[in-house]
Amino acid sequence: MAAEDDTSAVRRFVFGDEALPDPDYPIDHVPANERKGLVSISAVLLGFVFFAGTIWAGADVGAAIGFVPMLSAMAVGYAVLGVYVAALCGIAAKMGLTTVLLARYSFGRWGAKFADLLLGGTQVGWFGVTIPLVAIPTAKFLGVNTPLFTTVLVLVWGLLHLATAYFGYDGMEKLSLVAVPVLVIVGLASMGIAVGDAGGLDALLGSSGTGEMTFAAAVTVVIATFISGGTQAPNWARFASDSRVGFWAGLVAFLVGNGFLFLSGAVGGAVYDVTPAGDLYEVLAAQGLAAVGLIALILNIWTTNDNAAYAFGVAGSEAFEFDRKRPFVLAGGTVGILLALVGAGNLLVPWLRTLGNYVPPLGGVIIADFLLCWRLAVPRMDDVAFTDVRWTAIIAYAVGSLAAVLTAGQVVPGVAAPAVLPGPLGAAVNGLVAGFLAQVLAYYLLEQQGLLPGHDVAAGAERL
């Protein structure tokens, strides 16, 4: 009897209450009675975008081109990023579906498995490279910066990051509703102190850059900070009460939220000589607020990494067409923690560059498909007999990825490609736009003409 009870307890931990549906609906439309308002969706998405890498990017751009030009580059870059993510969020809210389920419409039942691998697999890697960003500073703050203690902290923080993802949207919402206001207050206070230490606002605005970066390159950095992560935003925007709430929540998070974080990094980087430049924890430590900085860093990383764990959970559910995400959250989290333990934290920058080549074209294909091919008259999944592979989207994605590679000049870090395409807004945007245009052309020239297969939609299907 004891053994059976133990087995039941383990099963409940892994699968939850199997008598009830998964409250996050990983392979179905989110029902109307589970939808959330603007505050809830915005809080979760803001928690997602509040990431230390954006702060470092702000410091790098400000140091390279000067503070005032940095503001212009930030305005242009985040306008592009905000509109892209907001469009995806609006589509997701209308459909009530995750990014990988949207990909099933665009790529087909088996074609979507590629999206599962791309989005879920990259988020497992993201989870692994991000844990050390909080574990190492925690060890330094506590004065026990030994390999053994850092390893223990990697395990502790990895498990904590998994915990909120394990409890799904509700867990992430509760954390974000606490973390986001704290991070905003700390960021504003830190910038206020920094302006005073710089000698006033005029002194800060008068700071010049080194000239090591062009304006176009600066805009590229701004967009690249979160364009790959933004493609995952539908995983949470699908809970929005309607498409307008989803759209505005995405715009607030990725335009205003990301811009705020980027600006705080630029201010800190301009005033304090810390490593990494502009780092929130190091800047606050320089201001005599090391404990506050550590708390801010913990919340900053936690609210991003639990979203990564959630993303690979729902991707796993779609890949195996299994109606529960928890097993995949736990499995992916275990792999991510192991990656962190073997030193994946050193691969953050190469990882971001790789994501920038291959994730945005997927978003471009999905946006084009839903806006210009389906024209937002999209049937429920139950009314669609999905073709195995929708070749129009596969072709479009390949075109988009090729455009990104030929702009970036690399296939993956260490494997060069000819950089033959101009990229004033960067490889990610080139890949996104190329994928978008190729999807529209392939659909109307090939699928609509009967040359390539599409889905079969039931007569009288309900359109969302």
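Predicted model only: the values in this text are computed from it and were never measured. (Residues numbered from 1 in each chain as written. Predicted model: local features only at pLDDT ≥ 70, side-chain atom pairs only at ≥ 80, totals over all residues. Heavy atoms only, no water.)

A short note on the side chain of Ser190
Next, step 1: With respect to the element layout, Ser190 can be found in helix H9 (residues 168-198).
Next, step 2: For Ser190, the contacting residues outside a window of four places in its chain are Val283, Leu284 and Gln287. (Helix = DSSP H or I, 4+ residues; strand = E, 2+ residues; numbered from the N terminus. Contact = heavy atoms within 4.5 Å.)

Topic: empty space enclosed by the protein
Next, step 1: One pass over the full model with this rule turns up four cavities of 30 Å³ or more.
Next, step 2: A volume near 120 Å³ is recorded for the largest cavity.
Next, step 3: Along the wall of the largest cavity there are 14 residues; nearest its centre are Gln123, Trp126, Ser228, Gly229 and Leu355.
Next, step 4: Listed by contribution, the elements that provide at least two residues to the lining of the largest cavity are helix H6 (111-130), helix H12 (227-230) and helix H18 (348-358).
Next, step 5: Ranked by residues supplied to the lining of the largest cavity, first place goes to H6 with three residues.
Next, step 6: Considered class by class, the residues forming the lining of the largest cavity number seven nonpolar, seven polar and no charged.
Next, step 7: Size it by volume and the second largest cavity reaches roughly 60 Å³.
Next, step 8: Residue lining of the second largest cavity: Phe50, Ile55, Leu183, Gly187, Phe260, Leu261, Ser264, Leu280 and Asn300, and that is the complete set.
Next, step 9: When contributions to the lining of the second largest cavity are tallied by element, the ones reaching two or more residues are H9 and helix H14 (243-271).
Next, step 10: Broken down by element, the residue count for the lining of the second largest cavity peaks at three residues, all from H14. (1 Å grid on protein atoms, 1.4 Å probe; cavity = no way out; pocket = protein on both sides within 12 Å on 5 of 7 lines; lining within 4 Å. Points joined across faces, edges and corners; volume = space filled by probe spheres on them. Nonpolar A, V, L, I, M, F, W, Y, C, P; charged D, E, K, R; others polar.)

Thoughts on helix H8 (residues 147-166)
Next, step 1: Over its 20 residues, H8 runs 28 Å from end to end, which matches the ideal 28 Å to within 8%, given 1.5 Å per residue.
Next, step 2: Along H8, the positions that sit buried rather than exposed are Thr150, Leu153, Val154, Trp157, Gly158, His161, Leu162, Thr164, Ala165 and Tyr166. (Expected span 1.5 Å × (residues − 1). Buried < 20%, exposed > 50% of the residue type's maximum accessible area, 1.4 Å probe, protein only.)

As for the packing of helix H4 (residues 67-95) against helix H11 (residues 215-224)
Next, step 1: Closest axis-to-axis distance for the H4/H11 pair is 8 Å, and the angle between their directions is 50 degrees. Compared by their axis directions, H4 and H11 come out oblique. Relative to H11, H4 is oriented so that their crossing is right-handed. On the side of H4, the interface is formed by Pro69, Ser72, Ala73, Met74, Val76, Gly77, Tyr78, Val80 and Leu81, while H11 contributes Phe215, Ala218, Val219, Val222 and Ile223.
Next, step 2: Among the residues forming the contact of H4 with H11, the class breakdown is 12 nonpolar, two polar and no charged. (Axes fitted to C-alpha atoms, helices over the stretch in contact; angles between N-to-C directions. Parallel < 35°, antiparallel > 145°, perpendicular 65-115°, else oblique. Left-handed = near helix turned anticlockwise from the far one by under 90°.)

Details of the pattern of salt bridges
Next, step 1: Considering all chains together, one arrives at nine salt bridges under this definition.
Next, step 2: For Asp22, the salt bridge identified is with Lys325, shortest N-O distance 3.4 Å. With Asp22 in the loop between helix H1 (2-15) and helix H2 (38-49) and Lys325 in the loop between helix H16 (290-320) and helix H17 (326-341), this residue pair connects regions lying 303 residues apart in the sequence. Just as Asp22 is buried, Lys325 falls in that class too. (Salt bridge = Lys/Arg side-chain N within 4 Å of Asp/Glu carboxyl O.)

What about the packing of aromatic side chains?
Next, step 1: Enumeration over the complete set of coordinates arrives at 24 aromatic pairs.
Next, step 2: With 5.1 Å between their ring centres and 25 degrees between their planes, Phe13 and Tyr166 make a pair best called stacked. Highlighted residues: Phe13 in helix H1 and Tyr166 in helix H8, separated in sequence by 153 residues.
Next, step 3: The exposure class of Tyr166 is buried, given its relative accessible area of 9%.
Next, step 4: For the pair Phe247 and Trp248, a centre-to-centre distance of 5.6 Å together with 85 degrees between the ring planes defines the contact as edge-to-face.
Next, step 5: On the accessibility criterion, Trp248 (48% relative accessible area) is partly exposed.
Next, step 6: Connected via pairs of aromatic rings, a cluster forms that spans Phe48, Phe51, Trp126, Phe226, Trp236, Phe254 and Tyr310.
Next, step 7: It is Lys113 that lies over the ring of Trp110; its NZ or CZ is 5.7 Å from the centre.
Next, step 8: One Lys or Arg, Arg326, reaches over the ring of Tyr166 and ends 4.1 Å from the middle of that ring. (Phe/Tyr/Trp six-rings, centres within 6.5 Å; stacked < 30°, edge-to-face > 60°. Lys NZ or Arg CZ within 6 Å of the ring centre and 35° of its normal.)

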